[in-house]
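Per-entry structural report
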Amino acid sequence: MSELTHASAPKRFIGGQLLGSSQLVLGVILAVLCIAISIAAPQFYSEANIIAILRQCALVLIVASGMTMLIITAEVDLSVGASLAFVGCIGMAVLNSTHSLALGMLAALAFAGGVGLFNGLVVTRLRVNSLIATIGTMMMLQGGVYLFTREAVQNHNQLASFTDLGAGYVGAVPVPVILAALIFVVAYVTLRFTTLGRYLYAVGANEKAVRLSGLRSERLKLFAFVVTGLCVGVAGMILSSLMNAGQPTAGRGFELTVIAAVILGGTSLLGGRGSLFGTLLGVLVLKVIDNGIIILGLNQDLQMVVPGVVIILATYLDIIRNRANVR
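Identification of the chain as ABC transporter permease from Mesorhizobium huakuii is taken from an unreviewed UniProt entry. Among the UniProt annotations of the chain, the heading Subcellular location (unreviewed entry) holds the following wording: "Cell membrane".

What follows is the structure in structure tokens.
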């Protein structure tokens, strides 16, 4: 175990300094965006608009919490968008047939967790690069959802508990925001304060040292894939509640937003470095930009352009950070 600690400690120390500075920059960018948009559109700070931003952030943050853990292990999952749509359709179908939100949620979580398990096994057992493996899974899910249903699965039960999942409140706080906060806190505590979290960082930083220390790096990566899948299950049911239907096309482009937020937050695609607080800031920045595009009356196609630009710029910044680590 001493070899593992020795191999990963210097990199994590320098990386922590760089992460701190990048989060400070993100915080400044977020503040500037909020001020600029509110000057151009005073309704930006209206209660309804703030709630809308929080709901949008919640969906992305739920999946980004799992994705951060996964990318820290130097893997990635591009199938989360397609899985999100499929999960909503399955959860809604089970809900319609059983009249039980609990069974609908269990079906959604089982399916999404199964997708994560499948991705993890393909990557760890078959040794397929996670980028290629999850693109393949994405294509299978995009086609498979149309084999499952040719159209949206409408809600035929009108269960109040299901409606509250996406549109309900606890006091003044939307239910999706509470669920996102709970998942975020659990993921943050896991990464920041537990031995499991340290092992996840170590796998991404130096997988060979992890294996030499006697740990099974494949199991750690498999865990991260399954957790990401379970997060997709929760987000998929919230989204289907908001739309009151399971939509086969609901997750198009969602994976890009999630990955863009994680990378923008300072998590390295090479693994071994990252922060959930940075991911939270990344989600906020992207969703404030999206909201600004809408309330300023700009072309909404820009909402797909922005994550692409962010991925390129954030990846370039990641390269610069890695060079600094080497020095």
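Read on, since the account is not over.
Glancing now at the side chain of Ser217. One can find Ser217 in helix α10 (residues 217-243). Not counting residues within four places of it along the chain, the set of residues in contact with Ser217 comprises Val203, Glu207, Val210 and Arg211.

Further remarks concern the state of the cysteines. Applying the stated criterion across every chain, the model contains 0 disulfides. Note on Cys57: no disulfide assigned, nearest cysteine sulfur contributed by Cys34 at a separation of 9.8 Å. Residue class for Cys57 comes out buried when judged on its relative accessible area of 6%. No disulfide involves Cys231; its sulfur sits 16 Å from the nearest other cysteine sulfur, which is in Cys57.

One side chain can pair with another of opposite charge once the charged atoms of both are near each other. Overall, the coordinates contain 7 salt bridges when judged by the stated rule. For Glu75, the salt bridge is made with Lys221, and the minimal N-O distance between the two is 2.7 Å. Residue Glu75 is found in the loop between α2 (47-72) and α3 (80-98), and its partner Lys221 is found in helix α10; the two are separated by 146 residues along the sequence. Lys221 gets classed as buried once you look at its relative accessible area, which sits at 7%. The closest approach of N and O atoms between Glu218 and Arg127, which form a salt bridge, is 3.3 Å. Remark: Arg127 occurs in the loop between α4 (101-124) and α5 (130-148) and Glu218 occurs in helix α10; sequence separation between them is 91 residues. Accessibility expressed as a relative area gives 16% for Glu218, which makes it buried. It is possible to trace a salt-bridge network through shared partners that takes in Glu75, Arg127, Glu207, Arg211, Arg216, Glu218 and Lys221.

Across the interface, helix α11 (residues 254-264) lies against helix α12 (residues 276-295) with an axial gap of 7 Å and an inter-helix angle of 125°. The angle between α11 and α12 places the two elements in the oblique class. Relative to α12, α11 is oriented so that their crossing is right-handed. In this structure, α11 uses Thr257, Ala260, Ala261, Val262 and Leu264 to contact α12, whose residues at the interface are Thr279, Gly282, Val283, Val285, Leu286 and Lys287. Tallied by class, residues from the contact of α11 with α12 come to 7 nonpolar, 3 polar and 1 charged.

Attention shifts here to the environment of Ile53. Along the chain, Ile53 falls in helix α2. Measuring from C-alpha to C-alpha, the distance between Ile53 and Arg219 comes to 36 Å, with 166 residues separating the pair along the chain. Residues contacting Ile53, with those up to four places away along its chain left out, are Phe44 and Asn291.

Analysis parameters
Residues numbered from 1 in each chain as written. Predicted model: local features only at pLDDT ≥ 70, side-chain atom pairs only at ≥ 80, totals over all residues. Heavy atoms only, no water. UniProt positions renumbered as here; feature names shortened; annotations may be inferred. Helix = DSSP H or I, 4+ residues; strand = E, 2+ residues; numbered from the N terminus. Contact = heavy atoms within 4.5 Å. Disulfide = S-S within 2.5 Å. Buried < 20%, exposed > 50% of the residue type's maximum accessible area, 1.4 Å probe, protein only. Salt bridge = Lys/Arg side-chain N within 4 Å of Asp/Glu carboxyl O. Axes fitted to C-alpha atoms, helices over the stretch in contact; angles between N-to-C directions. Parallel < 35°, antiparallel > 145°, perpendicular 65-115°, else oblique. Left-handed = near helix turned anticlockwise from the far one by under 90°. Nonpolar A, V, L, I, M, F, W, Y, C, P; charged D, E, K, R; others polar.

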